[in-house]
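# Structural features, examined
One-letter residues, chain by chain:
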Amino acid sequence: RHQGRLALRRPALGTVLSAPAPSPAPPTRRRFGLPWEIWFFLLAFVALQFWQGREMQAGAMPPIAGQLADGRPASLESILREAGGKPLLLYVWSSSCPICRAEEGTISALAEDWPVLTLAMQSGNAETVSKFMQERKLGYPALVDARGEIAWSLGVRATPAWFVVDRRGAIRFSGLGYTTGWGLRARLWWAQA
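### Thoughts on the overall build of the protein chain
- What the protein chain contains, in helices and strands, is 7 helices and 7 strands.
- What you see in the protein chain, going N to C, is helices and strands ordered as α-β-β-α-β-α-α-β-α-β-α-β-β-α.
- Looking at the 193 residues of the protein chain, the share that counts as buried comes to 37%.
- A total accessible area of about 13,100 Å² is found for the protein chain, and carbon and sulfur atoms account for 59% of it.

Printed below as a string of structure tokens:
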């Protein structure tokens, strides 16, 4: 009988009662696709690069001359002249630098297509640098900077460092730390435009 009351039905025997399924939470969106920790690391890395490179030479490249590891005299001016209008990569490295060792293949490949002069900073005398280069099978020219005086005059305080110098002797790009071969190629190509 329904005497004005709401009739409740009892579930049949054996029926399992369950709570309604919760609706799925909306997907969370990350800003720019990366966690904040990675953004923090990238920002700190860029700030450190900027701070370390703040004293690096800009504008016109000062005259650089000395002895190559193979004993020949060389200068930045003569190599630019031989380059026939192409820009040049000046790459500063050290035999004790692990990042420089990781980039040896990149610099060797680049030297096949572009003028390259490297500067062996605080890596010993010409004989020591020559022996190191022979052991590592490195064929690019290395100007010996046994005491780091040339590198210091360019504002280089750590290795690796690099400069892209155009045919007029102006520094078009510079940087410090690891870089890719494609990044250097793009800068060299841009410097010849």
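### A few points about the packing of helix α4 (residues 104–111) against helix α7 (residues 181–192)
- At their nearest, the axes of α4 and α7 sit 10 Å apart, and the two run at 35 degrees to each other. Read as a crossing pair, α4 and α7 show a hand that is right-handed. Side by side, α4 and α7 meet where Thr 106, Ile 107, Ala 109 and Leu 110 of the first sit next to Gly 181, Leu 184, Arg 185 and Leu 188 of the second.
- Of the residues belonging to the contact of α4 with α7, the class tally is 5 nonpolar, 2 polar and 1 charged.

### Thoughts on α4
- Every buried residue of α4 is listed here: Glu 104, Ile 107 and Leu 110. One side of α4 carries all its buried residues, which in axial view fall inside an arc of 130 degrees.
- Close packing links the buried residues of α4 with β3 (88–93), α3 (98–102), β4 (116–121), α5 (126–135) and α7.

### Overview of the environment of Thr 179
- Among the structural elements, Thr 179 can be located in the loop between β7 (171–176) and α7.
- Separated by 80 residues in the primary sequence, Thr 179 and Ile 99 place their C-alpha atoms 9.6 Å from one another.
- In contact with Thr 179, other than residues within four places in its own chain, are Glu 103, Trp 162, Leu 184 and Arg 187.

Scoring rules and cut-offs
Residues numbered from 1 in each chain as written. Predicted model: local features only at pLDDT ≥ 70, side-chain atom pairs only at ≥ 80, totals over all residues. Heavy atoms only, no water. Helix = DSSP H or I, 4+ residues; strand = E, 2+ residues; numbered from the N terminus. Buried < 20%, exposed > 50% of the residue type's maximum accessible area, 1.4 Å probe, protein only. Areas by Shrake-Rupley, 256 points an atom, 1.4 Å probe, with all protein chains shown as cover. Axes fitted to C-alpha atoms, helices over the stretch in contact; angles between N-to-C directions. Left-handed = near helix turned anticlockwise from the far one by under 90°. Contact = heavy atoms within 4.5 Å. Nonpolar A, V, L, I, M, F, W, Y, C, P; charged D, E, K, R; others polar. Arc of directions from axis to C-beta.

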